[in-house]
Amino acid sequence: DSWNKSTAGKMVEWTDFERATIQDIFSKMDYEVVGPAALSRCLVVYPWTQRYFGNFGNLYNAAAITANPMVANHGKVVLHGLDRAVKNMDNIKETYAELSVLHSEKLHVDPDNFKLLSDCLTIVVASQLGKDFTGEVQAAFQKFLAVVVSSLGRQYH
Amino acid sequence: MSLSAKDKAEVKKFWAKIEGKAGEIGAEALGRMLVAYPQTKTYFSHWGHDLNTQTPQVRKHGGIIMGGIAKAVKSIDDLTSGMSTLSELHAFKLRVDPANFKILAHNIILVMAMYFPADFTPEVHVSVDKFLQRVAWALSERYR
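Given the structure is predicted, the values throughout are model-derived calculations rather than measurements.

**Observations concerning the packing of helix α1 (residues 5–18) of chain B against helix α3 (residues 56–74) of chain B**
Residues and elements named next belong to chain B. Where α1 contacts α3, the axes come no closer than 11 Å and their chain directions differ by 140 degrees. Classified by the interaxial angle, the pair formed by α1 and α3 is oblique. At the point where α1 passes α3, the crossing takes the left-handed sense. Note on element contacts: α3 touches α1 through Met66, Ile69, Ala70 and Val73, opposite Val11, Lys12 and Trp15. Grouping the amino acids of the contact of α1 with α3 by side-chain chemistry returns six nonpolar, no polar and one charged.

Okay, here's the thing in structure tokens:
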């Protein structure tokens, strides 16, 4: 129930540092690399998430998942979807209203899984940025993803 | 989610690779946890308010934590016994809410990926994630 009610009526406030950090990270990111890396890592580390990809073919082991072109393609779709939040940081809830309905009513994705993918994305970004991914940058990035995850879960009922 | 023989092998192999940097990894992980999850600072209020990866006590304590992880790697075949003394410490003296073990584990994993991007493959990641969950379980054994 907290998925629907917890953020009702609250505007997210971003500091200048947080805004700049999110814009900076995503402007330098190669979505075509990071998307596939994050999704395939999620499917390997949390194999129950494979339940949503029954028609993706061979997900038999880590090597197969990493090489799977449908997984790679879908990773890119997810990152480009995330881009919408990057471009609408003051309006993420509204921006994702339709995607939230899609994930709930059509895809039937357990919203707890959004957090798993978001953790994998954070780890992939950390491994790419190295020391530049400071504690403060991590905090901003994770806050952004938490807002995205919350918005995606909002239309579940 | 018990540790398979493969998990144990992956963990031991990866640990051998990173052992030299364990102290630094611990300092980084603890420091960024205190920054990115400020509620965890409540356990370290005696060190002051502005805690981060550069704070001397944080760096030292990160090393101590990784010493505990090293012990866990050595006790991987019987984590409950291996972690028993540390479990008593956390249960009766430190009384750290076990939810925080998961938060610290996330940060340890993140720093491992940062320092060893080529070695921390998804396969290594899943084994390490499972291992740290089992360590957390063993640490909370004596809580109630």
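**Comments concerning the confidence of the model for chain B**
Of all residues in chain B, 100% have pLDDT values of 70 or greater, and the mean over the chain is 96. Of the two predicted TM-score estimates for the complex, the pTM is 0.89 and the ipTM is 0.85.

**Focus: the packing of α3(B) against helix α7 (residues 122–139) of chain B**
All names here are of chain B. Axis separation between α3 and α7 bottoms out at 11 Å; the angle between their running directions is 100 degrees. When the interaxial angle is binned, α3 and α7 end up roughly perpendicular. For the pair formed by α3 and α7, the contact residues are Ile69, Ala72 and Val73 on the first element and Phe131, Leu132 and Val135 on the second. Class assignment for the residues of the contact of α3 with α7 results in six nonpolar, no polar and no charged.

Calculation notes
- Residues numbered from 1 in each chain as written.
- Chains lettered and ligands numbered in written order.
- Predicted model: local features only at pLDDT ≥ 70, side-chain atom pairs only at ≥ 80, totals over all residues.
- Heavy atoms only, no water.
- Axes fitted to C-alpha atoms, helices over the stretch in contact; angles between N-to-C directions.
- Helix = DSSP H or I, 4+ residues; strand = E, 2+ residues; numbered from the N terminus.
- Parallel < 35°, antiparallel > 145°, perpendicular 65-115°, else oblique.
- Left-handed = near helix turned anticlockwise from the far one by under 90°.
- Contact = heavy atoms within 4.5 Å.
- Nonpolar A, V, L, I, M, F, W, Y, C, P; charged D, E, K, R; others polar.
- pLDDT = per-residue confidence, 0-100.

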